[in-house]
Amino acid sequence: MGEVIDFPLKASHYDQVEKYILDILTTRDAGLSEAQAREVAAEFKPIYDRLLNDDSAQVEMPADAIPYFVEARKIYMERLGHAGCVIIGLLARAKLHTP
């Protein structure tokens with residue numbers, strides 16, 4: 001443990017997120033089998049899709065507001081990354097405690 005692995009918020013395909021989940025959950029310290037980690041990845045996929053679904057929304061705004069929007073989006077994405085890690089952790093914990 002002790003190593004920080006950033007959540008792949010800019011992943012273009014869920015395969016990258018699944019690889020991230022498998023990498024962090026199949027370490028000796030995590031205690032999950034590869035099959036359990038794959039189950040967590042499958043359970044997380046609809047959550048991930050919902051969290052990062054922007055519906056390709058287009059928003060018009062004044063040009064002077066764009067820097068504020070960019071900064072707000074950066075903060076939002078950092079929080080989504082944290083939320084994603086927490087959710088993955090909870091799903092993994094549930095797997096560990098399921099008979």
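As a reminder, the structure under discussion sits directly above these lines.
What counts, and at which threshold
- Residues numbered from 1 in each chain as written.
- Predicted model: local features only at pLDDT ≥ 70, side-chain atom pairs only at ≥ 80, totals over all residues.
- Heavy atoms only, no water.
- Helix = DSSP H or I, 4+ residues; strand = E, 2+ residues; numbered from the N terminus.
- Buried < 20%, exposed > 50% of the residue type's maximum accessible area, 1.4 Å probe, protein only.
- Contact = heavy atoms within 4.5 Å.
- Areas by Shrake-Rupley, 256 points an atom, 1.4 Å probe, with all protein chains shown as cover.
- Core = buried A, V, L, I, M, F, W, Y, C linked by side-chain atoms within 4.5 Å.
- Patch = residues over 30% accessible without salt bridge, like charges linked within 9 Å, V, L, I, M, F, W, Y side chains within 5 Å.
- Salt bridge = Lys/Arg side-chain N within 4 Å of Asp/Glu carboxyl O.

Turning our attention to the overall build of the chain. Tallying secondary structure elements over the chain gives three helices and zero strands in all. Scanning the chain from its N terminus toward the C terminus, one meets helices and strands in the order α-α-α. The buried share of the chain, taken over its 99 residues, is 25%. A separation threshold of at least 6 residues defines the contact pool for the chain, and within that pool the share at least 24 residues apart is 64%. As displayed, the chain offers around 7500 Å² of accessible surface, 56% of which is attributable to carbon and sulfur atoms.

Moving on, we get to the side chain of Lys95. Within the element layout of this structure, Lys95 appears in helix α3 (residues 66-96). In this structure, Lys95 is in contact with Leu32, Gln36, Glu39, Val40 and Glu43, ignoring residues within four places of it in sequence.

Our focus in this paragraph is the nonpolar core. Where a protein is soluble and globular, its nonpolar side chains tend to be buried together. Counting residues in hydrophobic clusters, the biggest one holds 19 residues, and the most contacted among them are Phe7, Ile21, Leu25, Val40, Phe44 and Ile88. Contributing elements (two or more residues each) for this core: α1 (14-25), α2 (34-52) and α3. Considering each element in turn, this core owes the most residues, six residues, to α1. Each residue touching Ile21, except ones within four places of it in the same chain, is listed here: Tyr14, Ala37, Val40, Ala41, Phe44 and Ile88.

As a further point, take a nonpolar patch on the surface. On the surface, Ile66, Phe69 and Val70 cluster together into a nonpolar patch covering about 270 Å² of accessible area. Mapping Phe69 onto the fold places it in helix α3.

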